[in-house]
Amino acid sequence: PNAEGITIVGANDSATINLGSGRDTVALGSATETVTAGSGNALINTTSATSGALIHGNGTSTTISATGGGTIALNTADAGVTALVLKQSATAWTVETGSEAGLTITDQSTAGDVISVGGANSTVIDGAGSDTIWYHGGFGHSVLEGFTAAGNAHDVVEFDKSVFADWEHLLGATKQVGGDLLITL
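Being a predicted model, the structure only gives us computed values, none of them experimental.

(A) Region of interest: the sheet that holds strand β3 (residues 24–27). Ordered in space as β1-β3-β5-β7-β9-β11-β13-β15, the eight strands form an open sheet in which the pairing is parallel. Each end of this open sheet is capped by a strand with a single partner; those strands are β1 (7–9) and β15 (143–145). Neighbouring strand axes in the sheet, compared pairwise and without regard to direction, differ in orientation by 15° on average. Where strand β7 (residues 62–66) lies against strand β9 (residues 83–86), four bridges are found, and the strand directions are parallel. Paired with T63 across the two strands is A83, which belongs to β9.

(B) Up close: the nonpolar core. Ranked by internal contacts, the top residues of the largest apolar core, which has 32 residues, are V35, I44, L84, L86 and I105. Within the residue set of this core, elements represented by two or more residues are β5 (42–46), β7, β9, β10 (93–96), β12 (114–117) and β14 (132–135). Beyond its immediate stretch of four places on either side in the chain, I44 contacts L19, V26, L28, V35, I55, T63, I64 and S65.

(C) A look at the pairing of strand β11 (residues 104–107). Of the two faces of β11, the one holding I105 and D107 is buried and the one holding T104 and T106 is not buried anywhere. As paired strands, β9 and β11 are joined by four bridges and run parallel to one another. Directly across from L86, in β11, lies its bridge partner D107. By the bridge criterion, three bridges tie β11 to strand β13 (residues 123–125) in an arrangement that is parallel. The residue bridging T104 from the neighbouring strand is T123, located in β13.

(D) Examining unusual backbone geometry more closely. Unusually for a residue other than glycine, N121 sits at a positive phi of about 60°. Here N121 shows up in the loop between β12 and β13. The exposure class of N121 is partly exposed, given its relative accessible area of 45%. The phi torsion at H141 lies on the positive side, around 60°, for a residue other than glycine. With respect to the helices and strands, H141 occurs in the loop between β14 and β15. Residue classification places H141 among the exposed positions, given a relative accessible area of 72%.

(E) The sheet that holds strand β2 (residues 16–18), seen in detail. Pairing within the open sheet is parallel, and its three strands lie in the order β2-β4-β6. On the outer flanks of this sheet lie β2 and β6 (54–56), each paired with one strand and no other. Strand after strand, the sheet turns through a mean of 10° between neighbouring axes, direction not considered. Two elements, β2 and strand β4 (residues 34–36), share three bridges in a ladder whose sense is parallel. Bridge pairing in β4 links T16 to T34.

(F) Looking closely at the packing of aromatic side chains. Counted according to the given criterion, the structure contains four aromatic pairs. Between Y135 and F139, the ring centres sit 4.7 Å apart and the planes meet at 40°, which makes this aromatic pair tilted. A ring pair is formed by F159 and F164, whose centres lie 5.3 Å apart and whose planes are at 85°; its orientation type is edge-to-face. Take F159 and F164: they sit in the same class, and that class is buried. The rings of Y135, F139, F159 and F164 are connected pair by pair, giving a single aromatic cluster.

Cut-offs used in this document
Residues numbered from 1 in each chain as written. Predicted model: local features only at pLDDT ≥ 70, side-chain atom pairs only at ≥ 80, totals over all residues. Heavy atoms only, no water. Pairing = 2+ DSSP bridges. Helix = DSSP H or I, 4+ residues; strand = E, 2+ residues; numbered from the N terminus. Axes fitted to C-alpha atoms, helices over the stretch in contact; angles between N-to-C directions. Core = buried A, V, L, I, M, F, W, Y, C linked by side-chain atoms within 4.5 Å. Buried < 20%, exposed > 50% of the residue type's maximum accessible area, 1.4 Å probe, protein only. Contact = heavy atoms within 4.5 Å. Phe/Tyr/Trp six-rings, centres within 6.5 Å; stacked < 30°, edge-to-face > 60°.

Rendered as structure tokens:
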């Protein structure tokens, strides 16, 4: 049997929404709302206008689904969010994930997106567009899947200078492992 769930549509206010043990969905109405996930699966729908809402995930099944493209920044106080899905959009995404650890970012867009990753143990599943993945300090043990290295829609990986001072240091930390590159900090 399926666990019961609810769908909540937030208002344009600073409401606090507490979820339960079912499969719950929240459509954020404001960037000043707070959502606390319960023990069930939580799906938080956001746009660039509402992406700053505070999300207290449960650490096992809390997904933020973003639509419409544009600039989004997860709240720096977010915790326990396990997935961020960037839905297909005609407008490219510019995304700042902050230091949320263990986050899986799935880019379903074909636009030229910029995804900034700062949390450890993160996974980026890159979309079909010519994307830029930018890693801040603190991203250790992270994985990038679906990277396109050549062609008209090739991707770019950038590292903050706090991670590697220059190209020589990056190359010195890089080795080929099968068909992948392993970069060790």
